[in-house]
Amino acid sequence: MPRAGLDPAAVVAAGAALADEVGLANLTMGSLAERVGVRAPSLYKHVGGQEDLLRRIAVLAMGEAADAVGGAVQGYAGRDALAAAARAFRAFVLEHPGRYAATIGQEPSGPDDPLAAAARRLLDAFMAVLRGYEIDPADVDHALRMLRSLCHGFATLQAADGFQWSADVDESFEWLIDFADRGLRAR
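Residues numbered from 1 in each chain as written. Predicted model: local features only at pLDDT ≥ 70, side-chain atom pairs only at ≥ 80, totals over all residues. Heavy atoms only, no water.

**Student:** Go over the side chain of R90 with me, naming the residues and quoting the values.
**Tutor:** Within the element layout of this structure, R90 appears in helix 5 (residues 78-95). When neighbours within four sequence positions are excluded, R90 is seen to be in contact with F154, A155, Q158, V169, D170 and F173. (Helix = DSSP H or I, 4+ residues; strand = E, 2+ residues; numbered from the N terminus. Contact = heavy atoms within 4.5 Å.)

**Student:** Kindly report on helix 8 (residues 140-159), identifying the contributing residues and their values.
**Tutor:** Taking 1.5 Å per residue, 20 residues should reach 28 Å; helix 8 reaches 28 Å between its end C-alpha atoms and fits that length. Lining the buried residues of helix 8 we find helix 5, helix 7 (114-130) and helix 9 (169-186). (Expected span 1.5 Å × (residues − 1).)

**Student:** I'd like a description of the nonpolar core, backed by residues and values.
**Tutor:** With 58 residues, the main nonpolar core has L27, L32, L53, V69 and F126 as its most contacted residues. Taken together, the elements giving at least two residues each to this core come down to helix 1 (8-22), helix 2 (29-36), helix 4 (50-73), helix 5, helix 7, helix 8 and helix 9. In terms of residue count, helix 4 provides more of this core than any other element does, 10 residues in total. Setting aside its immediate chain neighbours within four residues, L32 contacts V11, A14, G15, L18, L27, L43 and L53. (Core = buried A, V, L, I, M, F, W, Y, C linked by side-chain atoms within 4.5 Å. Buried < 20%, exposed > 50% of the residue type's maximum accessible area, 1.4 Å probe, protein only.)

**Student:** Outline the environment of F89, supporting the account with residue identities and numerical values.
**Tutor:** Tracing the backbone through its elements, the reader meets F89 in helix 5. Once the C-alpha coordinates of F89 and E107 are considered, the two residues, 18 residues apart in sequence, prove to be 20 Å apart. With residues up to four places along the chain from it excluded, the contact list for F89 reads V69, Y100, L122, F126, C151 and H152.

**Student:** Just give me the short version of the packing of helix 4 against helix 7, but keep the residues and values in it.
**Tutor:** The N-to-C vectors of helix 4 and helix 7 enclose an angle of 25°; their axes lie 8 Å apart at closest approach. Relative to helix 7, helix 4 is oriented roughly parallel. Between helix 4 and helix 7 the crossing geometry is left-handed. For the pair helix 4 and helix 7, the contacting residues are R55, A58, V59, M62, G63, A65, A66, D67, V69, G70 and V73 in the first and P114, L115, A118, A119, R121, L122, A125, F126, A128 and V129 in the second. The residue inventory of the contact of helix 4 with helix 7, partitioned by class, reads 16 nonpolar, two polar and three charged. (Axes fitted to C-alpha atoms, helices over the stretch in contact; angles between N-to-C directions. Parallel < 35°, antiparallel > 145°, perpendicular 65-115°, else oblique. Left-handed = near helix turned anticlockwise from the far one by under 90°. Nonpolar A, V, L, I, M, F, W, Y, C, P; charged D, E, K, R; others polar.)

In structure tokens form, the structure reads like this:
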């Protein structure tokens, strides 16, 4: 019989929080079981195992990132929308590095997969940013990949303490936003 108050959503939320604390690579079913106060085999009543847990964390994280970025860009256009999206994405990754790491490399199993729906919402938020620029429709995929690469790269490097020199990281991030804005306007 499942422990009272423990369900798949609670297990995934606890797993995501633990991944943020210890890193995704260090998240195990055993450490999660200890966190929620059950034996590891009891977790299998709620998730199908480590891979299922990681996939569910990815869905949760993708949805949370979509909410953060989508909410941030509302009412903005052009550079303001770009800055809002980039800052929201960076803040999400810095606050939730473990759960964000779960999103990397996860492939939706089909159009009805919750991961596909969450990814589409995040993509739509960045598409809203691009509507403030005159991007040729043939270049939209390239522009999206550029934005993802810039935001992902900066945020994951910062989350891993990858910026060790003296320049202010926030100033560097604003420089990145200005650089992306100039590039998008030049297209």
